[in-house]
Amino acid sequence: MMDRSRQYDEVGKVWTGVLVCLIAILMTAAAGHSQPALKKITFIPQWSPQAQFAGYYAAHEKGIYARHGLDVKMLRGGAHKPSSELLEKGEADIASIWLSTALQKRSSGVRLVNVAQVVQRSSLMLIAKKARGIRRPEDLEGKKVGLWGDDFRIQPTAFFKKYSVAVKVVPQSYSVNLFLRDGVDAASAMWYNEYHTVLNAGINADELTSFFYSDYGLNFPEDGIYVMEETLRKDPGAVCAFVNASLEGWRWAFDHPEEAINMVLKYMVEANVPANRVHQRWMLETIKNIIIPSGGSRAAMGILKREDYERVGKELKEGGLIGSVPDMGAFAFTCTGYVQK
Amino acid sequence: MFKNKGIAFKLVLFFTLSSAAIFAAIFSYNYLVSRRMIQKGIEENSANLITTTTSRIEVLLTSTQKVPQNTAYLLENTNYDEAELFKVIYAIVEKNPEIYGAAVAFEPYAFDRTKKYFAPYFYRNGEGISFKYLDRFYDYFHWDWYQIPRELEQPQWTEPYFGEGGGILMSSYAVPFYRVVDGTRRLTGVVVVDISLEELRKIVSSIRILKSGYGFLISKNGTFVTHPIKELIMNETIFSVAEERKDPMLRDTGRRMIRGETGYSAGSVKSAVTGKNCIMTYVPIKSNGWSLGVLFPHDELMADITNLNHVVLALGIGGLMLLALAVVFIARSITRPLTEMADIAGRIGTGDLEAHVPEVRTRDEVGKLASALDCMKTSLKDYIREITDTTAARQRMESELKIARNIQMGILPKEFPPFPDRTDFDIHALTVPAREVGGDFYDFFLIDREHLCIVIGDASGKGIPAALFMAFTKTLIKARASADIETGVLMGEVNDELSKGNPADMFITVFCAILNTATGELRYTNGGHNPPVIIRHAGNLSYLDGPGELVVGIMDGTQYTTRTLTLNPGDGLFLYTDGVTEAMNAAGEIFSTDRLKDVLATCAGGDVSGITACVGGAINDFCKDAPQYDDITMMAVRYDGPGDGNG
């Protein structure tokens, strides 16, 4: 019951923080002597280390950030450290945030700016066991469905509305055990994560019915790179250097998957989270599919498409989560100009 | 394929191959049967071990289960206040050393209408027991230990997790409890206890199979709970390992395990520790739906039998080699003399009879063959020596015979016409000697100017004796002949001479005549010879008949008659030996006196040499190439009458 590693024991956290700071200070001190030109910058991913962020770890480990003139400090994300909040508080200069989360923040007055839309396709999905008689969206009528909170409910709610099904919502925790033990009929999953966890708990893919929200006109692009307006105004060069270096890191990771996975596993072991190579391999493969969806090209990586932006804005507004859709010109900044320069 | 190979090679090949085949069949059967026996033995032993292990785990789990179950029962059926509740929870932790912590977590506002979160939790902390409330920060409603029994409405063991400090693996048993409110049974909360899985780990890790076999435990999700390799615990599931190894069989086995089945893996499973192939067996832990897997290293199971098989294999191969050697030896002992004998037979074939036949002491077929070959060689040698001797003797004899014939021929008059100055008669003789020396002879000589003696004869037998007998007779007649002697007397005298000292009982037929060339009177005596033919000038022919008299030389004192005949000028006489009338053709017919007469009739008109040539030609035509065994001798005489003057 008392999963201490997930509880983020406060004392441990403080000590880890102190240690990280100390190491960071020592490292920057050391780096300061040799390469004084590097700009210090802090980045936080929105979750604990995993292949979802392989590109950033690769850019860091392979010295791509340094090559772009940056000294990036990689913060450790997690359930109790929402990246948007750290960005807002100024504890991080740059953050990875979901588009829907960022839109809500912007709408509520937090002046963050999207500088790159890394994940183009939503990997949020609903999975159900075929054995429970669920094959079409309509079959969900009256069923117990596990849903995560907050932003993870926007797409399901619109989905159920679209098919006019009334479901019994069961709050879903961090595990899929309730679903595995048939405590719910359907459960939320990220394609790159929980879906594979279910497969690796002995359920075969052909025993599952999968509903990808992106297949039902509800594609919400997910992870994007965000900075505060202030940061961007002060040093757009550093921000765009980070964006370009990160995308380069992603391309390197796609070209060297096993090496990239090794780096991710290293971060996972350091963070004391369960590390499973095949799971991370799956995650890297699927994340590649949603960063460069079929039909997309590497050159188009990181661009926020207007129709995606408008779709997410519309759904959020209809869901009552935002009053009005912010102007995309103010919300999104493209580094393309800086690339050419 | 092996046509050109020797017997030894074939023997070795076929004996060794067939023995190897038999050996392989026996070996395989033995291997399979002993393998099955060992496997069966291991299965029985492992069944005991596994049953003991699972029952120890079951005891551990069920004894733990009873505590929250009893508590839930108590909470459902009694009324209690906060102090009493605390006492109960504290007691659970204090009285049960295997329990690490215990809590009673209530549904929102179920214990206290003002409190959404109410969950007192006692837990071991070093030597003592600590307390805390699980609060809104922890948000227990969304944790598996609370949510799963709540939704399933039945007690549940949670998936394992790392407890305080991350070191100790734990699992919780949670029991939902209910209260009847307003006639409906409603969930009040969940009683939960945490236990360390250390004891369970010890039980499972005590499983030692042979050298490197081990046991492991997986949870309901296939997650490794215990495993000799620490990194696998909690990080991997049996399915992620199957994915990493690309082993669908292992995945399938894992699915059977989490379904609570008992059995063996369909194929061999690689040991995570040694990488060896193992047989895996699995049994469910019924209390919490986990599964115990046990790996039996294949090669270790089979170590004894493998050793045995190595020895058997070595013995078999050694035996086969010995067999091959023995076959080589036997084959050599057969083929070496055979090869030698073949060699020797070849040499004998080319005439080398001095070749030495190898001595074979055995009495088998080879021995027989050798002695037969030796016998053949000896016989051949003897035979060839005999043939050589005979040939030499024969050659000598033939050369002697040739000389004898030459002598015989030499004593016969050969110049024709013999008396070129005489016109009153003419003589021509022809003799065709047979292959061997025959006994035919003829002679003619003038006794005085008016008397011509004519003789033809045929000695009995052949060869030298006949030739000598004939020569002797000729000489006697020539010596005794005189102008006025009666031919009968002459023949009697010759007979008497020949009869004396004739132990071999040889005889001779002789026709002897004396022609008075002046008168044409012919006195003659026929001693058993073929009657000559008289050719009258007119053309009529007749055999000179008269009673046959005894052959000459056989009986002393025989009296011979002298007969007389008168030849007119132009008349002739044809004399011959039995070689003429008895000349035989290929069909076995003889020339005969009749045919002779017919031939003479056609050619009597010519001169004497023409007559003999004519008869000789007729005989040749008749006999063609058939070989003749007797001399063919003929003589023609024509009386032309007294010439003018001395003629």
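Just so you know, these numbers come straight off a predicted model, no measurement behind them.

The rules behind the values
Residues numbered from 1 in each chain as written. Chains lettered and ligands numbered in written order. Predicted model: local features only at pLDDT ≥ 70, side-chain atom pairs only at ≥ 80, totals over all residues. Heavy atoms only, no water. Helix = DSSP H or I, 4+ residues; strand = E, 2+ residues; numbered from the N terminus. Rg over C-alpha atoms; globule rule 2.2 N^0.38 Å. Buried < 20%, exposed > 50% of the residue type's maximum accessible area, 1.4 Å probe, protein only. Contact = heavy atoms within 4.5 Å. Pairing = 2+ DSSP bridges. Axes fitted to C-alpha atoms, helices over the stretch in contact; angles between N-to-C directions. Domains from an automatic or database assignment. Disulfide = S-S within 2.5 Å. 1 Å grid on protein atoms, 1.4 Å probe; cavity = no way out; pocket = protein on both sides within 12 Å on 5 of 7 lines; lining within 4 Å. Points joined across faces, edges and corners; volume = space filled by probe spheres on them. Nonpolar A, V, L, I, M, F, W, Y, C, P; charged D, E, K, R; others polar. Buried area = accessible area lost by both parts, 1.4 Å probe. Salt bridge = Lys/Arg side-chain N within 4 Å of Asp/Glu carboxyl O. Polar contact = N/O pair within 3.5 Å; in protein donor to acceptor, adjacent residues only side chain to side chain. pLDDT = per-residue confidence, 0-100. Core = buried A, V, L, I, M, F, W, Y, C linked by side-chain atoms within 4.5 Å. Phe/Tyr/Trp six-rings, centres within 6.5 Å; stacked < 30°, edge-to-face > 60°. Lys NZ or Arg CZ within 6 Å of the ring centre and 35° of its normal.

(A) Representation of the overall build of chain B within the structure. Of regular secondary structure, chain B possesses 14 helices and 23 strands. Compactness check: chain B gives a C-alpha radius of gyration of 71 Å against a globular reference of 26 Å for 647 residues, more than 25% above the reference. In terms of principal-axis extent, the alpha carbons of chain B reach across some 205 × 50 × 35 Å. The buried share among the 647 residues of chain B stands at 46%. For chain B, contacts bridging at least 24 residues in sequence account for 63% of all contacts bridging at least 6.

(B) Representation of the sheet that holds strand β6 (residues 144–147) of chain A in the model. Residue and element names in this part refer to chain A. Here we have five strands laid out as an open sheet, ordered β7-β6-β8-β5-β9, and mixed in their pairing. Of all the strands in the sheet, just β7 (168–171) and β9 (208–212) have a single pairing partner and so form its edges. Strand-to-strand twist in this sheet, taken as the mean axis angle between neighbours without regard to direction, amounts to 30°. Pairing geometry for strand β5 (residues 124–129) and strand β8 (residues 186–190), over five bridges, is antiparallel. Residue pairing for β8: Leu124 is matched across the bridge by Met190. Contacts from helix α7 (residues 154–162) reach β5, β6 and β9, with the element oriented near 60° to β5.

(C) Fine view of the domain arrangement of chain B. Domain annotation of chain B identifies domain 1 (79–191), domain 2 (207–301) and domain 3 (412–639). With centres defined by C-alpha atoms, the gap from domain 2 of chain B to domain 3 of chain B works out at 134 Å.

(D) Seen up close, the state of the cysteines. Residues and elements named next belong to chain A. Under the definition given, this model contains two disulfides over all chains. Bridging Cys240 to Cys335, the disulfide has an S-S length of 2.0 Å. Its S-S torsion of approximately -80° makes the covalent link between Cys240 and Cys335 left-handed. Placement of the pair is Cys240 in helix α11 (residues 236–255) and Cys335 in the loop between α15 (328–331) and α16 (336–340), with a sequence separation of 95 residues.

(E) Broad picture of empty space enclosed by the protein. As enumerated under the stated definition, the model contains three cavities of 30 Å³ or more in all. In this model, the largest cavity occupies a volume close to 60 Å³. Taken together, A:Gly146, A:Val170, A:Pro171, A:Gln172, A:Ser173, A:Ser175, A:Val176, A:Leu178, A:Phe179, A:Val184, A:Ala187 and B:Gln147 make up the lining of the largest cavity. Residue assignment for the lining of the largest cavity shows that the elements contributing at least two residues are β7 and α8 (177–180) of chain A. Looking at side-chain class alone, the lining of the largest cavity contains seven nonpolar, five polar and no charged residues.

(F) Structural context of the sheet that holds strand β10 (residues 223–228) of chain A. Residue and element names in this part refer to chain A. The strand order β2-β1-β3-β10-β4 describes an open sheet built from five strands, whose pairing is mixed. In this open sheet, the two strands that pair with only one neighbour each are β2 (70–74) and β4 (112–117). Strand-to-strand twist in this sheet, taken as the mean axis angle between neighbours without regard to direction, amounts to 35°. Sheet topology places strand β1 (residues 39–44) next to strand β3 (residues 94–98); two bridges connect them, and they run parallel. Counterpart to Phe43 in the pairing with β3 is Ile94.

(G) Molecular detail of the domain arrangement of chain A. All names here are of chain A. We note that the domain assignment places domain 1 (1–36), domain 2 (38–120 + 221–340) and domain 3 (124–216) within chain A. A straight line from the C-alpha centre of domain 2 to that of domain 3 covers 26 Å. With 21 residues of domain 2 at the interface, the matching set in domain 3 holds 14 residues. Among the residues of domain 2 in contact with domain 3, Trp98, His279 and Trp282 are the three that bury the most area, contributing 36% of the side total. One can count zero salt bridges joining domain 2 with domain 3. Mapped by element, the contributors of at least two residues to the side of domain 2 that touches domain 3 are α6 (99–107), α13 (277–291) and α14 (306–318). Among the elements that make up the side of domain 2 that touches domain 3, the one with the highest residue count is α13 (eight residues). The residue makeup of the side of domain 2 that touches domain 3, split by class, is 10 nonpolar, nine polar and two charged.

(H) Representation of the interface of chain B and chain A in the model. In this complex, chain B contributes 37 residues to the contact, which on the side of chain A involves 32 residues. Summing both partners gives a buried area of about 3200 Å² for chain B against chain A, and 47% of it is carried by carbon and sulfur. One can count four salt bridges joining chain B with chain A. With its nearest N and O atoms 2.9 Å apart, the salt bridge here joins B:Glu151 to A:Lys144. In this assembly, chain B and chain A are joined by 22 residue pairs in polar contact (both at pLDDT 80 or more). Listed by contribution, the elements that provide at least two residues to the side of chain B that touches chain A are α3 (144–152), β4 (156–157), β5 (161–162), β7 (184–196), α5 (238–245) and α6 (248–258) of chain B. The element contributing the most residues to the side of chain B that touches chain A is α3(B), with six residues. Looking at the side of chain B that touches chain A residue by residue, the classes come out as 15 nonpolar, 10 polar and 12 charged.

(I) Structural view of the confidence of the model for chain B. Chain-level pLDDT for chain B is 86 on average; 98% of the residues reach the 70-or-more range. Across chain B, the secondary-structure element scoring lowest on mean pLDDT is helix α7 (residues 298–301) of chain B, at 81, and the one scoring highest is α6(B), at 94.

(J) Fine view of the layout of surface pockets. In this model, the second largest pocket occupies a volume close to 430 Å³. In terms of lining residues, the second largest pocket is bounded by 15 residues, among which A:Lys129, A:Leu180, A:Ile203, B:Ile258 and B:Arg259 are the most central. Its residues placed into classes, the lining of the second largest pocket shows five nonpolar, two polar and eight charged.

(K) Here's a closer look at the nonpolar core. All names here are of chain A. Counting 95 residues, the largest nonpolar core has Tyr56, Leu126, Leu140 and Trp250 as its most contacted members. When we break this core down by domain, the ones giving at least three residues each are domain 2 (38–120 + 221–340) and domain 3 (124–216). Look past the residues within four positions of Tyr56 in its chain and what remains in contact with it is Phe43, Tyr65, Met74, Val118, Ile225, Phe242, Ser246 and Trp250.

(L) Structural context of the environment of B:Met555. Tracing the sequence through the fold places B:Met555 in the loop between β20 (541–543) and β21 (563–566). Sequence separation between B:Met555 and B:Ile407 is 148 residues; the distance between their C-alpha atoms is 28 Å.

(M) Highlighting the packing of aromatic side chains. Overall, the coordinates contain 52 aromatic pairs over all chains when judged by the stated rule. Taking the centre distance of 5.0 Å and the plane angle of 80° together, the rings of B:Phe131 and B:Tyr133 count as edge-to-face. Judged by relative accessible area, B:Phe131 falls into the partly exposed class, the value being 31%. You can call B:Tyr133 partly exposed: its relative accessible area is 36%. With 5.2 Å between their ring centres and 65° between their planes, B:Tyr140 and B:Tyr146 make a pair best called edge-to-face. Judged by relative accessible area, B:Tyr146 falls into the buried class, the value being 0%. In this structure an aromatic cluster arises from ring pairing among B:Phe86, B:Tyr90, B:Phe106, B:Phe111, B:Phe118, B:Phe122, B:Phe131, B:Tyr133 and B:Phe177. Between A:Arg121 and the ring centre of A:Phe212, over which it is positioned, the NZ or CZ distance is 5.7 Å.

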